[in-house]
Amino acid sequence: KSNKETKSVLAEKNISQKIEKVSQGLAGSIGVAAQEIGSGVNITINGDESFVMASTYKVAIAVALLDRVDKGELQLTDLINVPLETMVVGPNPITMNFVHPGVKLSIANLIEPMITESDNTATDVCLKVVGGPEVVNKMLRSIGIKDLRVDRSTAEILRDFYGLTDKAYVSVAAAAYAKDPTLAARQSDRNLDFEKDPRDHSTPKAMLELLLTIDSGKVLSKKSREFLLATMSRTRTGAGRLKGLLPKGTPVAHKTGTVGGVANDVGFVTLPDGRRFAIVVFTKSSTTSDADRDRAIAEVTRTLYDFYYLSAQDK
């Protein structure tokens with residue numbers, strides 16, 4: 001190996017150790033995968049381990065939907081019916097703002113809250129419009145991504161997490177809360193049986209692969225790619241995660257995920273010189289506070305941000 005390569009391998013080993021150190025004690029178990037766009041070299045920690053994706057799986061759903069738009073099978077302006085009885089529980093803008101029957105939204109206006117506000121109702125409508133989980137998985141396999149799987153709607157995921165009698169629609173959840181008022185308070189509690197279920201899981205490496213494939217234009221048209229990245233740049237959830245410790249105003253396009261002892265954030269970070277890196281931070285089995293879990297993700301991101309920024313200064 002050349003001196004330069006040896007130096008690079010050492011630097012990566014160093015950075016991996018640093019990441020483990022800064023996130024220690026803040027989250028249960030952590031998985032990281034990152035790569036500077038165009039470099040071909042990635043940094044991983046537990047990169048092949050399986051993690052609950054939670055709402056980060058919405059990126060895969062958005063890609064499958066935009067792929068169908070690119071093929072001319074759907075249009076972003078298509079109006080889709082959003083039935084009141086299938087609205088999903090949670091602080092979702094659609095559920096909270098539309099209390100009367102007669103809601104129709106365009107595909108573009110469903111993707112927007114699915115990504116920016118992590119709206120579960122929008123997600124389940126998008127998943128249905130795309131043709132279900134099997135269509136998403138077929139698209140993923142067609143671009144060579146094997147270790148990322150989409151299996152359930154968010155209403156089914158929440159049903160399984162909380163042990164509800166039926167899908168987590170507003171009416172079902174309301175009845176369950178009335179019966180057991182502690183249910184809502186258990187939102188942040190880890191559920192190890194739920195985590196063991198292999199459905200809706202990904203490895204950090206597979207999610208990184210998806211991000212890089214989106215960015216390279218291998219999967220989406222230029223128009224769809226720009227649409228998705230612009231939407232991800234408007235994300236309002238998880239201000240304390242990827243963005244948490246970055247210099248104010250750093251451009252970040254991302255998607256968060258949260259359920260039980262799981263806190264995730266995946267996306268793209270732009271460095272001061274315009275270079276970008278893709279990053280995946282998955283955590284699971286945490287018994288720490290929500291703030292600590294966010295902090296773990298923020299520490300990892302800042303460490304990588306400094307590493308990528310300074311590595312260019314060294315060249």
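It should be noted that the structure appears before, not after, this text.
Computed from a prediction, not measured in an experiment: that's the story for all the values here. (Residues numbered from 1 in each chain as written. Predicted model: local features only at pLDDT ≥ 70, side-chain atom pairs only at ≥ 80, totals over all residues. Heavy atoms only, no water.)

A. Layout of helix 4 (residues 107-116). Counting buried residues along helix 4, nine of its ten residues qualify, which places the element largely inside the surrounding structure. Ile107, Ala108, Leu110, Ile111, Glu112, Pro113, Met114, Ile115 and Thr116 are the residues of helix 4 that are buried. Directly beyond the C-terminal end of helix 4, a positive phi value near 55° is found at Ser118. (Buried < 20%, exposed > 50% of the residue type's maximum accessible area, 1.4 Å probe, protein only. Helix = DSSP H or I, 4+ residues; strand = E, 2+ residues; numbered from the N terminus.)

B. Here's a closer look at helix 7 (residues 154-162). Taking burial as the measure, the nine residues of helix 7 include seven buried ones, the bulk of the element. Every buried residue of helix 7 is accounted for by Thr154, Ala155, Glu156, Ile157, Leu158, Phe161 and Tyr162. Each element contacted by the buried residues of helix 7 is listed here: helix 2 (58-70), helix 5 (120-130), helix 9 (192-196) and strand 7 (252-259). (Contact = heavy atoms within 4.5 Å.)

C. Focus on the nonpolar core. Counting residues in each nonpolar core, the largest one holds 75 residues, and the members touching the most others are Val136, Leu148 and Leu210. The biggest single contributor to this core is helix 2, with nine residues. The residues touching Leu210, leaving out its near neighbours within four places in the chain, are Val59, Ala60, Val63, Leu140, Ile143, Ile145 and Leu148. Ranked by size, the runner-up nonpolar core spans 25 residues in total, among them Ile15, Leu26, Ala27 and Ala34. (Core = buried A, V, L, I, M, F, W, Y, C linked by side-chain atoms within 4.5 Å.)

D. Highlighting empty space enclosed by the protein. Per the stated rule, a full pass over the model turns up one cavity of 30 Å³ or more. Size it by volume and the largest cavity reaches roughly 40 Å³. Every residue along the wall of the largest cavity is listed here: Val52, Ala54, Arg152, Ile157, Phe194, Arg199, Asp200 and His201. Considering only residue class, the lining of the largest cavity consists of four nonpolar, one polar and three charged. (1 Å grid on protein atoms, 1.4 Å probe; cavity = no way out; pocket = protein on both sides within 12 Å on 5 of 7 lines; lining within 4 Å. Points joined across faces, edges and corners; volume = space filled by probe spheres on them. Nonpolar A, V, L, I, M, F, W, Y, C, P; charged D, E, K, R; others polar.)

E. Focus on the sheet that holds strand 9 (residues 276-284). Strand order across the open sheet formed by five strands is 2-1-9-8-7, with antiparallel pairing between neighbours. With partners counted over all chains shown, the strands left at the sheet margins are strand 2 (42-45) and strand 7, one partner each. Strand after strand, the sheet turns through a mean of 5° between neighbouring axes, direction not considered. (Pairing = 2+ DSSP bridges. Axes fitted to C-alpha atoms, helices over the stretch in contact; angles between N-to-C directions.)

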